[in-house]
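Report on the structure
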Amino acid sequence: MNKKWEIIIGLEVHVQLATASKLFSGSATAYGRKQNSQACIIDLGFPGVLPTLNAEAIRLAIKLGLAINGKIAEQTSFARKNYFYPDLPKGYQISQHQDPIIKDGYLNIDLDAKDDAIDAIKTIHITHAHLEEDAGKLMHENFHGFSGIDFNRAGIPLIEIVSAPDLRSAREAVIYLKTLHNLVRYLGISDGNMQEGSFRCDANVSVRKCGAQELGTRTEIKNLNSFRFIERAIEFEAARQISVLESRNKIIQETRLYDAEKNETRAMRSKEESLDYRYFPDPDLLPLVLEKEYVEEIRSTLPELPWEKCARFHTQYELSKYDANILSANLKMAKYFEETAENTNASAKTAANWIIVELLGALNKYDSEISASPISAKQLAELLDKIHDQTISGKIAKEVFFSMFNGEGTAMEIIEKNGLKQITDDNVLTKIIDDILAANQNAVKNYQAGKTQLFGFFVGQVMQVTGGKASPKQVNELLKNKLG
Ligand code: MN
């Protein structure tokens, strides 16, 4: 990127809260059901209906607020955001305006997870997070020239998390989003499913000359729902703005759409100012008072947070920061690691290595995830025990691992079926070594005359004769004794 220009990014993330029913009605929120089968008269905005606030949505929002060290409002209220669009049956969206449920939080992001240095941590401020209802979904295909509307989404609870313009590159934006995405799943407040729209992002992007104080005019890229698209969209948009400014034209404040196929952003509509929405308090909903005891009770239900787990893995299991990061990257991964470590006599470090190098390596090949691992944590622990108690060598263990991965049985079954047990009997090994030395007397003479690099040759011979099953440690000791 151009060195003369600084890129400024702020993100608005819409996270769908994992409630069974909608924010203001009893309609179900399950994804992928028949169109308009989960929309009642409240969601459709029939005259005379009244919204009833979903308490679970409030609880989940507060959980997030506490996890990001935000201020939980003592009193919060709902407002009507007025605009016309066919997917918005009431002509307004119930949102929050003056007193959002969460203010002034922050998220620490790690710009270099591989490095143990602490100075790679950057704090991203979260200006506020507010509750609002989702709109319906317009469907333009298969309607013979007409458009259809599915209102199953209308009224689904969202929390919109608004960051300060603290991000300085597309890469930083993606790291922030991944950190937030991981957090909401750890908290269990959202499934975070991006394909299904449970986690989507609007990016506010502007550029300014390095050293300038004032912010440049920004554009907003709407509805990005994959980390890769977000990164590309921001990179494209920043480069576009720089080239506009360098040819002495002006940036127009507007909403833009990212076209993934063409990898470009296009103007969608000129940006509304907040005034255009004519916000006013929703007279159907009373202000909500959140008592301290209620908030503290929710605090007591917070799980171990991702960064807490990562720090604990680092200290309790003496893992490197890099390993601890990978193994705490999501709850399933963390659980798999801890279950393996708890069930084996091998060290946690060994368990971590096998999971990261062998298991994740094998899963990656099939584009698969830890939750679909054909080897359970307990089964992997058994394999590690067989190395630990020297039933098999580390090298043979890799073969056993791949057989397990291919569903050929447990570690012990595979070891027995294929006769892979390590040879640890000194008498057996001594006999094999004697035969080899007798058959290679020249090499023995050369070794004893000072060509000590021949040691590896003898080890290799033993391994060849035993099919790799000789205990390497014992072979080394026995050979050293024999050769003097
Ligand atoms: Mn919104």
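We now turn to the structure provided with this report. Just so it is clear, the model here is predicted, and its values are computed rather than measured.

A word on the overall build of the protein. Within the protein, the regular secondary structure consists of 15 helices and 16 strands. What you see for the protein is a C-alpha radius of gyration of 30 Å, clearly larger than the 23 Å of a compact globule of 484 residues, by over 25%. Projecting the C-alpha coordinates of the protein onto the three principal axes gives extents of approximately 100 × 55 × 55 Å. Burial statistics for the protein: of 484 residues in total, 48% are counted as buried.

Here the manganese ion is held by the protein donor atoms His14 (NE2), Glu132 (OE) and Glu160 (OE), which lie 2.0 to 2.2 Å from it. Spacing between the donor residues of the manganese ion along the chain follows H-x117-E-x27-E. One end of the pair, His14, is in strand E1 (residues 5-16); the other, Glu160, is in strand E10 (residues 157-163), and 146 residues separate them in sequence.

So, on to the nonpolar core. Formed by 65 residues in total, the largest nonpolar core has its most connected members in Leu11, Leu64, Ile159 and Tyr176. The biggest single contributor to this core is helix H2 (residues 170-187), with 10 residues. Those residues in contact with Tyr176, other than ones at most four positions away along the chain, are Leu11, Leu107, Ile109, Ile124, Ile126, Ile161, Ser163 and Leu167. Phe337, Ala397, Phe401 and Met404 belong to the second-largest nonpolar core, a separate cluster that totals 41 residues.

A word on empty space enclosed by the protein. Summed over the entire model, instances satisfying the criterion amount to one cavity of 30 Å³ or more. Space inside the largest cavity adds up to approximately 40 Å³. Lining of the largest cavity is provided by Asp43, Leu88, Pro89, Lys90, Glu133, Asp134, Ala135, Ala154 and Gly155. Of the residues that constitute the lining of the largest cavity, the class distribution is four nonpolar, one polar and four charged.

Scanning the entire structure with this criterion turns up 14 aromatic pairs. Note on Tyr317 and Phe337: the rings are 5.0 Å apart at their centroids and 85 degrees apart in plane angle, and the pair reads as edge-to-face. Of this pair, Tyr317 sits in the loop between helix H5 (306-316) and helix H6 (321-327) while Phe337 sits in helix H7 (residues 331-343), placing them 20 residues apart in sequence. The same class applies to Tyr317 as to Phe337, namely buried.

What follows is about the pattern of salt bridges. According to the stated counting rule, one finds 28 salt bridges in the structure shown. Put simply, Asp259 and Arg266 hold a salt bridge, and the shortest N to O gap is 3.0 Å. With a shortest N-O distance of 2.8 Å, Lys349 and Asp323 are connected by a salt bridge. In this pair, Lys349 is assigned in helix H8 (residues 348-365) and Asp323 in helix H6, connecting sequence segments 26 residues apart. In this structure Lys349 comes out as partly exposed when scored by relative accessible area, which is 31%. By sharing partners, the salt bridges in this structure join Glu237, Arg240, Glu254 and Arg256 into a single network.

Attention now moves to the packing of H2 against H5. Contact pair H2 / H5: the axes reach a minimum separation of 9 Å and the direction vectors enclose 90 degrees. Taken together, H2 and H5 sit at an angle that is classed as roughly perpendicular. Here Asn182, Leu183 and Tyr186 of H2 lie close against H5, whose contacting residues are Pro306, Trp307 and Lys309.

Below, the discussion takes up the sheet that holds strand E5 (residues 92-95). Strand order across the open sheet formed by three strands is E5-E4-E15, with antiparallel pairing between neighbours. Of all the strands in the sheet, the pair left with one neighbour each is E5 and strand E15 (280-281). Both strand E4 (residues 79-82) and E15 contribute to a ladder of two bridges, which runs antiparallel. The residue of E15 that forms the bridge with Ala79 is Pro281.

Right, let's get into the environment of Ile175. Note on placement: Ile175 falls in helix H2. Since its relative accessible area comes to 16%, Ile175 is described here as buried. Residues Ile175 and Val15 lie 160 residues apart in sequence; the distance between their C-alpha atoms is 17 Å. If sequence neighbours within four positions are ignored, Ile175 has contacts with Ile109, Asp110 and Leu111.

Below, the discussion takes up the sheet that holds E10. Taken together, nine strands build an open sheet; the order of strands is E2-E6-E7-E10-E1-E11-E12-E13-E14 and the sheet is mixed. Every interior strand has two partners, whereas the edge strands, strand E2 (71-72) and strand E14 (264-270), have only one. As defined by bridge partners, strand E13 (residues 254-259) adjoins E14 across six bridges and the pair is classed as antiparallel. Residue pairing across strands places Tyr258 opposite Thr265, the latter belonging to E14. Contacting E1, strand E11 (199-209), strand E12 (219-224), E13 and E14, helix H3 (residues 227-246) runs over the sheet at an angle of about 25 degrees to E11.

Helical periodicity: at 3.6 residues per turn, an α-helix aligns residues three or four positions apart in one direction. The end-to-end C-alpha distance of helix H12 (residues 426-439), which contains 14 residues, comes to 20 Å, matching closely the 20 Å that a straight helix rising 1.5 Å per residue would cover. All buried positions along H12 are accounted for by Leu429, Ile432, Ile433, Ile436 and Leu437. Buried residues along H12 cover an arc of 130 degrees about the axis, so they all sit on one side. Residues Asn427, Lys431 and Ala439 are exposed on H12 and point more than 90 degrees away from its buried face. Of the surrounding secondary structure, the elements contacted by the buried residues of H12 are helix H13 (441-448), helix H14 (455-466) and helix H15 (472-483). Where H12 starts, the residue carrying a side-chain oxygen 2.9 Å from the main-chain nitrogen of Asn427 turns out to be Asp425.

What follows concerns the packing of helix H1 (residues 55-67) against H2. Between H1 and H2, the least distance of the axes is 10 Å, while the angle of their chain directions is 125 degrees. When the interaxial angle is binned, H1 and H2 end up oblique. Crossing geometry of H1 relative to H2 is assigned as right-handed. Between H1 and H2, the residues in contact are Lys63, Leu64 and Ala67 and Leu183, Val184 and Leu187, respectively.

Summarising the element assignment, Glu338 is placed in helix H7. Of the polar contacts made by the side chain of Glu338, one reaches the side chain of Tyr317; its length is 2.6 Å. Those residues in contact with Glu338, other than ones at most four positions away along the chain, are Lys309, Arg312, Phe313 and Tyr317.

Rules behind the numbers
- Residues numbered from 1 in each chain as written.
- Predicted model: local features only at pLDDT ≥ 70, side-chain atom pairs only at ≥ 80, totals over all residues.
- Heavy atoms only, no water.
- Helix = DSSP H or I, 4+ residues; strand = E, 2+ residues; numbered from the N terminus.
- Rg over C-alpha atoms; globule rule 2.2 N^0.38 Å.
- Buried < 20%, exposed > 50% of the residue type's maximum accessible area, 1.4 Å probe, protein only.
- Donors = N, O, S within 2.8 Å, 3.2 Å for Na, K, Ca; no water.
- Core = buried A, V, L, I, M, F, W, Y, C linked by side-chain atoms within 4.5 Å.
- Contact = heavy atoms within 4.5 Å.
- 1 Å grid on protein atoms, 1.4 Å probe; cavity = no way out; pocket = protein on both sides within 12 Å on 5 of 7 lines; lining within 4 Å.
- Points joined across faces, edges and corners; volume = space filled by probe spheres on them.
- Nonpolar A, V, L, I, M, F, W, Y, C, P; charged D, E, K, R; others polar.
- Phe/Tyr/Trp six-rings, centres within 6.5 Å; stacked < 30°, edge-to-face > 60°.
- Salt bridge = Lys/Arg side-chain N within 4 Å of Asp/Glu carboxyl O.
- Axes fitted to C-alpha atoms, helices over the stretch in contact; angles between N-to-C directions.
- Parallel < 35°, antiparallel > 145°, perpendicular 65-115°, else oblique.
- Pairing = 2+ DSSP bridges.
- Expected span 1.5 Å × (residues − 1).
- Arc of directions from axis to C-beta.
- Polar contact = N/O pair within 3.5 Å; in protein donor to acceptor, adjacent residues only side chain to side chain.
- Left-handed = near helix turned anticlockwise from the far one by under 90°.

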